[in-house]
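The chain contents come next:
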Amino acid sequence: MSAKLPIELRPLSREHVVSFCRLVVALAEFEKLPPPDEVAQMRLVEDALGPKPRIEVWLAFAGDDPTPCGYMILVETYSSFLALPTLYLEDLFVLPERRKAGVGGALLKKAVCLAHERGCGRMEWTALDWNVNAQQVYEQRLGAKRMSEWLLYRMNREDMMRYLSAQTAGIDTVGNSISE
């Protein structure tokens, strides 16, 4: 268990892009997923720090360590029914040696504060089904509710290309002709 240290949260800066990319790779390893390659890491940095940012990145620093030990990525979406923005938490990760030191809680609190300050009608995120520790934190400590009536669907780039190619050819993705 890590000792409690003072935690500082800062937006990503150019100074810390290498550390940020290392944290993203560490999250991929934790989730047993392929990590972003060098080109994808460059896109991450551009999407965070470029002229038209697509993501908002916050880094967590514990104690006097100049290297970040955690991060979160936020994206604003919109609820048409509420007619209010939604703050979506894409990633939240803390290095194993800094878990149980309040870093994850500080990042979550920052996200909730930002959502509230920005007038968001809600804040949303997903958790892997096997990550029971995260689920317990979200449900028991935060009071977040698991959405059982909404199912997450996803298309990757290959799926999108297959769909668009089929549409261009006049067939749906299961081989049926599309009639006009």
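These lines cover the structure that appears in this document, whether it is placed above or below. Keep in mind that what you see is a predicted model, and the values were worked out from it rather than measured.

**Re the packing of aromatic side chains**
- Under the criterion given, the structure shown has four aromatic pairs.
- Both rings, one in Phe30 and one in Trp130, keep their centres 5.5 Å apart while their planes meet at 55°; by these two values the pair is tilted. Residue Phe30 is found in helix α1 (residues 17-30), and its partner Trp130 is found in the loop between β5 (122-125) and α4 (132-141); the two are separated by 100 residues along the sequence.
- Given a relative accessible area of 29%, Phe30 falls into the partly exposed group.
- Relative to Tyr138, the ring of Trp125 lies with its centre 5.2 Å away and its plane at 70°, an arrangement referred to as edge-to-face. A residue pair is termed long-range when its members are at least 10 positions apart, and Trp125 in strand β5 and Tyr138 in helix α4 qualify at 13 residues.
- Overall, the relative accessible area of 14% leaves Tyr138 in the buried class.

**A few points about unusual backbone geometry**
- Of note in this structure, Lys32 is not a glycine but carries a positive phi near 60°.
- Mapping Lys32 onto the fold places it in the loop between α1 and α2 (38-49).
- A residue is classified by how much of its surface remains accessible, and Lys32, at 71% relative accessible area, is exposed.
- Positive phi, normally seen in glycine, also occurs at Lys100, with a value near 70°.
- Exposure remark for Lys100: the relative accessible area of 60% places this residue in the exposed category.

**Observations regarding the pairing of strand β4 (residues 84-94)**
- In terms of residue burial, β4 counts as a mostly covered element, since eight of its eleven residues are buried.
- Inspection of the sheet shows strand β3 (residues 70-79) paired to β4 by ten bridges, in the antiparallel sense. In the strand pairing of β4, Glu76 is matched with Leu87.
- From the end of β3 to the start of β4, which pair antiparallel, there are four residues, and Ala83 there has a positive phi angle of about 55°.
- The pairing of β4 with β5 spans four bridges and is classified as parallel. Counted as the bridge partner of Leu89 is Trp125 from β5.

**Looking at the pattern of salt bridges**
- Considering all chains together, one arrives at seven salt bridges under this definition.
- Notably, a salt bridge pairs Glu56 with Arg118, separated by 2.8 Å at the nearest N-O pair. Remark: Arg118 occurs in the loop between α3 (103-117) and β5 and Glu56 occurs in strand β2 (residues 56-62); sequence separation between them is 62 residues.
- Looking at Glu56, the relative accessible area reads 22%, which means it is partly exposed.
- Arg162 is paired through a salt bridge with Glu158; the nearest N and O atoms lie 3.5 Å apart. Placement of the pair is Arg162 and Glu158 together in helix α5 (residues 157-169), with a separation of four residues, close to one helical turn.
- Its relative accessible area of 45% is what places Arg162 among the partly exposed residues.
- Through salt bridges with shared partners, a single network forms among Glu158, Asp159 and Arg162.

Here is what the cut-offs are and how they apply
Residues numbered from 1 in each chain as written. Predicted model: local features only at pLDDT ≥ 70, side-chain atom pairs only at ≥ 80, totals over all residues. Heavy atoms only, no water. Phe/Tyr/Trp six-rings, centres within 6.5 Å; stacked < 30°, edge-to-face > 60°. Helix = DSSP H or I, 4+ residues; strand = E, 2+ residues; numbered from the N terminus. Buried < 20%, exposed > 50% of the residue type's maximum accessible area, 1.4 Å probe, protein only. Pairing = 2+ DSSP bridges. Salt bridge = Lys/Arg side-chain N within 4 Å of Asp/Glu carboxyl O.

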